[in-house]
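Survey of secondary and tertiary structure
Each chain, written out:
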Amino acid sequence: MLHTYNGVNLQEVYKTMLFDLMSEGLATAPRGMETKEFIPCVFQIKNPLSRIIALESRKMNLFYAMVETLWYLNGDDSLTPLTEYNKAMANFSDDGIHLQGAYGARLIKKDQTLDKSQFGLVYDKLSRDPSSRQAVAIIWDPWRDHLPTKDVPCTIGFIFTI
């Protein structure tokens, strides 16, 4: 069953999703870790600038979140910038230098053939056609992500709309 959520900001949607997940989520154990999930699940937030989840139970490190965001936006996959603020990130590196599943490296780095990043392509698509349903950025790479690694991306991709 498709689970859809709409709200003003990420925290509002997250709290509703979490409540539903705890009561209706399907039990699963990927890589031996027990959890619950909804498949498929779609959410939309009306104010994408309001995307911080500030719940006491999450024990979020806001400074680390800012560093990680800048790391993504830089298109980086190196481990060092993150381990300065969260040493546990080293547990996800296969070689102690890079993170295999780094979203920014997959979304921000330019394709050598097109000289554009995926975000650049999404921007161009929506600039030409604000109603497009083809403004998609993909994180999952089947040629890399089926191989054994400590850092498989959890997110498959994004669909952008205006």
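The text that follows walks through the structure, step by step, so that each part is easy to find. Every value quoted in this text rests on a predicted model; they were computed, and no experiment measured them. (Residues numbered from 1 in each chain as written. Predicted model: local features only at pLDDT ≥ 70, side-chain atom pairs only at ≥ 80, totals over all residues. Heavy atoms only, no water.)

This part is about the overall build of the chain. A count of helices and strands for the chain gives six helices and six strands. In sequence order, the secondary structure elements of the chain are arranged as β-α-β-β-β-α-α-α-α-β-α-β. Here the C-alpha coordinates of the chain stretch approximately 45 × 40 × 30 Å along the principal axes. Among the 162 residues that make up the chain, the fraction classed as buried is 28%. Pairs at least 24 residues apart make up 47% of the contacts formed inside the chain by residues separated by at least 6 positions. (Helix = DSSP H or I, 4+ residues; strand = E, 2+ residues; numbered from the N terminus. Buried < 20%, exposed > 50% of the residue type's maximum accessible area, 1.4 Å probe, protein only. Contact = heavy atoms within 4.5 Å.)

Disulfide: a covalent bond connecting the sulfur atoms of a pair of cysteines. Inspection of the entire model under this criterion finds zero disulfides. Summary of cysteine pairing: C41 is not part of a disulfide, and the nearest cysteine sulfur, belonging to C154, is at 14 Å. The exposure class assigned to C154 is exposed, which follows from its relative accessible area of 68%. (Disulfide = S-S within 2.5 Å.)

Another aspect to go through is the packing of aromatic side chains. Ring pairs (aromatic) are described by centroid distance and by the angle formed between their planes. Tallied over the entire structure, the rule returns five aromatic pairs. Geometrically, the ring pair formed by F63 and Y85 is edge-to-face, given 5.0 Å between the ring centres and 65° between the ring planes. Placement of F63 in helix α2 (residues 62-73) and of Y85 in the loop between α3 (80-83) and α4 (103-107) is noted, with a sequence separation of 22 residues between them. Here F63 falls in the partly exposed class, since its relative accessible area comes to 43%. When the ring of W71 is compared with that of Y72, the centres are 5.3 Å apart and the planes differ by 50°; the resulting orientation is tilted. (Phe/Tyr/Trp six-rings, centres within 6.5 Å; stacked < 30°, edge-to-face > 60°.)

Okay, the environment of A29 next. Here A29 shows up in the loop between β2 (26-28) and β3 (35-37). Since its relative accessible area comes to 42%, A29 is described here as partly exposed. Along the backbone, A29 and N6 are 23 residues apart, and their C-alpha atoms lie at a distance of 28 Å.

Another point: α2. With twelve residues, α2 should cover 16 Å at 1.5 Å per step; its first-to-last C-alpha distance of 17 Å lies within 8% of that length. Each element contacted by the buried residues of α2 is listed here: α3. The N-terminus of α2 is capped by N61, whose side-chain oxygen sits 3.1 Å from the backbone nitrogen of F63. (Expected span 1.5 Å × (residues − 1). Polar contact = N/O pair within 3.5 Å; in protein donor to acceptor, adjacent residues only side chain to side chain.)

Attention now moves to unusual backbone geometry. Residue P40 follows I39 across a cis peptide bond; omega there is -5°. Along the chain, P40 falls in the loop between β3 and β4 (41-45). A positive phi angle is found at K59, which is not glycine, with a value near 50°. Within the secondary structure, K59 sits in the loop between β4 and α2. Located in the positive-phi region is D115, a residue other than glycine, with phi close to 55°.

Looking now at the environment of G7. Secondary-structure assignment places G7 in strand β1 (residues 3-7). Sequence separation of G7 and L114 is 107 residues, and the distance between their C-alpha atoms is 36 Å. Leaving out residues up to four positions away in the same chain, G7 has contacts with E12, V13, Q44, I45 and K46.

With that settled, the discussion passes to helix α1 (residues 10-24). The end-to-end C-alpha distance of α1, which contains 15 residues, comes to 20 Å, matching closely the 21 Å that a straight helix rising 1.5 Å per residue would cover. Inspection of α1 places L10, V13, M17, D20 and L21 among the buried residues, and these make up the whole buried set. Down the axis of α1, the buried side of the element spans an arc of 105°, and every buried residue falls inside it. Seen from the buried face of α1, the exposed residues on the opposite side, beyond 90 degrees, are F19, M22 and S23. (Arc of directions from axis to C-beta.)

Right, let's talk about the side chain of S132 for a bit. Position of S132 relative to the elements: it lies in the loop between α5 (118-128) and β5 (136-138). One polar contact links the side chain of S132 to the main-chain amide nitrogen of Q134, over a distance of 2.9 Å.

Any link to function would need more than the numbers given here.
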